[in-house]
Amino acid sequence: MIEILAVLGFPVAGALVLAAVGHRDQALTVNVVICLATFLSAVALTVRVISYGPLLVLDRLFFVDSFNVFLVALTAFVGFTTSIFSGPYMRIEREHGRLTPARLRLYHSMYQVFNCTMLLALLTNNMGILWVAMEAATLATVLLVSLYRTPASLEAAWKYFILCGVGIAQALFGTILLYFAAEKVLGAEGGALLWTELNAVKGQLEPTVLSLAFVFLLVGYGTKVGLVPLHNWLPDAHAEGPTPVSAVLSGLLLNVALYAVVRCKVLVDGSLHTSFAEGLMMGFGILSVVVAAFLLSRQRDIKRLFAYSSIEHMGIITFAFGMGGPIANFAGLLHMTVHSLTKSRPAAYDRAFADQIGNFFRGGSRRAEDRHPAHGRHPRAGHHQSCHRLGADAGGARDPRHAAVRRFRQRIPYPDHGDTRAAVGDAIAAAFTRRRVRRCIFQSAADGIRGNQCHAAAAPASDDSGVRASGHRAHAGPVDPALPRRLVSAGRETHRMMLR
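Keep in mind it's a predicted model, so treat the numbers as computed, not measured. Residue positions are given per chain, counted from 1 along the sequence in the order it is written. In keeping with the model being predicted, local features are shown solely for residues with a pLDDT of at least 70 and side-chain atom pairs are shown and tallied solely at 80 or more, while totals for entire chains, interfaces and linings include all residues. Only heavy atoms go into the side-chain values, all of them from the structure, while hydrogens and water stay out.

S.K.: Pulling in residues and values, what's your account of the pattern of salt bridges?
M.R.: Between side chains of opposite charge, a pair can form as their charged atoms come close. Salt bridge criterion: a side-chain nitrogen from Lys or Arg within 4 Å of a carboxyl oxygen from Asp or Glu. Taken as a whole and judged by the stated rule, the model has 7 salt bridges. Between R263 and D65 there is a salt bridge, and its shortest N-O distance comes to 3.1 Å. Of this pair, R263 sits in helix α10 (residues 243–272) while D65 sits in the loop between β2 (62–64) and α3 (66–95); the two residues are 198 residues apart in sequence, bridging distant segments of the chain. A single burial state applies to R263 and to D65, both of which are buried. For D236, the salt bridge is made with K159, and the minimal N-O distance between the two is 2.9 Å. Of this pair, D236 sits in helix α9 (residues 233–240) while K159 sits in helix α6 (residues 151–186), and the two are 77 residues apart along the sequence. With a 1.4 Å probe rolled over the protein chains alone, any residue whose accessible area is under 20% of its type maximum counts as buried; one over 50% counts as exposed, and the rest are partly exposed. Overall, the relative accessible area of 17% leaves D236 in the buried class. Residue classification places K159 among the partly exposed residues on the basis of a relative accessible area of 32%. A single salt-bridge network, built from bridges that share partners, covers K159, D236 and R304. Where helices and strands are cited, they refer to DSSP runs of H or I of at least four residues and of E of at least two residues respectively, numbered from the N terminus.

Structure (structure tokens):
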């Protein structure tokens, strides 16, 4: 019981502390320390479950078995590694004026609230509290997605809130139907929403009501998983939120929502003794894989690419859990683990470099229209952003972030494994992500250069387009001629290496 309280208590305490001091330099270290303490508590809980078996504590409020303790350890580990990565990322954002002290406090406190809600959803034995935890996670991530307060991020957060709000309402109705089916067997005060009690009497539950409840629960929690056709919020949330938020969305939120679906599937299979739940999950899973595969081929924005990749992988995992059986369940857990580790550490690492390169050539702006207001807002925002992703003025070449660009260019031909923290993650992710990341980045670089040169040629000549007396180029000026040659030569060299 102490381990469970520690796993949930550290994030709560961390959220309160960081809400007060989250804007200070020490907040980055405090965030990492709290996540480390949470992870160590999760490890202790895992050891206890392995040694003594499942735990049912605090008047049956918390239930821990070999299934959810594995996800608890994975969630705590991903939260810890992402907090390490988010420290320098948020420091750069603050130095370049994209985040105010108030927003930094909001980010650090909501990060801990999000971790707490995910862990609570995994540990609780009450299906009603599981729904409350998922709703609280929605509210926390809405604030994280809209952290930059740009029109695009606010639009993505609003879209996320509306779609997931509708989905979570469907899950609430499914939870009510689940209670209605169990209340006749367990009684109004017999723990009708406790999963252990439901699992003990699942053969006596009304099959028709339970089937209808599972449909609502699958649609509701499936929206959070990102299953097609309920996936529309995920690409925008990935593209417009900070990179650490994208990492935890892929590595944590989707897993926990699918965990809730799997718990409900166990009850339905035991009540119906048919393949009803299996067919639904396998159908949604294969549909997600097929649709995401086609959409992946059209993506040129790196963060939207990772979003559709998450949709595809969650479709595969849903299909595996839908099949059921020891081998399929093991395959689903293995795929879930690799997906979480890949998206939360190495993939986020590469996305950070992509953001750094984009910021470098855009002179600090995240979207192309911020640097070229005359272009306006294109309806295909992701394509418009990628076409001008790297076009900007040469004044950005004096930006201190040039070190990040050098590190990125050094990592392209020969990954640097001197950093022990990156070695394991890079080895896992190299075969799956590196070629696609290179292609997206360098293709976006070439498109941005061409778009910026066309914009410079179409712009009327003015005194501001030349070099100022101070030696800095004006914002409307063309790209430094040496810059495209270096990028194009690096891109050609990388392309030749990929063809070998």
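Having seen it, we continue.
S.K.: Talk me through the side chain of T175; I want residue IDs and the actual numbers.
M.R.: Within the secondary structure, T175 sits in helix α6. If we ignore the near neighbours within four places in the chain, the residues touching T175 are M127, G128, W131, L193, L217 and Y221. Here, two residues are considered to be in contact whenever any of their heavy atoms come within 4.5 Å of each other.

S.K.: Give a detailed account of a nonpolar patch on the surface, specifying residues and quantitative values.
M.R.: Taken together, the side chains of L139, W158, F161, I162, L163 and V166 define a hydrophobic patch exposed on the protein surface, amounting to about 540 Å² of accessible area. With 5 residues, α6 is the largest single contributor of residues to the nonpolar patch. In this fold, L139 is placed in helix α5 (residues 127–145). Like-charged residues within 9 Å of one another, or nonpolar side chains (Val, Leu, Ile, Met, Phe, Trp, Tyr) within 5 Å, are grouped into patches, provided each residue has over 30% relative accessible area and no salt bridge. Note on areas: Shrake-Rupley with a 1.4 Å probe; residue coverage comes only from the protein chains shown.

S.K.: Quick rundown of the packing of aromatic side chains? Include the residues and the values.
M.R.: In this analysis, rings of Phe, Tyr and Trp, with Trp reduced to its six-membered ring, are considered paired at centre separations within 6.5 Å, and the interplanar angle assigns stacked below 30 degrees, edge-to-face beyond 60, and tilted for intermediate values. Applying the stated rule across the entire model yields 10 aromatic pairs. Taking 5.5 Å as the distance between ring centres and 55° as the angle between the ring planes, the aromatic pair formed by F39 and F77 counts as tilted. One end of the pair, F39, is in helix α2 (residues 26–52); the other, F77, is in helix α3, with 38 residues separating them in the sequence. The class of F39 is buried, set by a relative accessible area of 19%.

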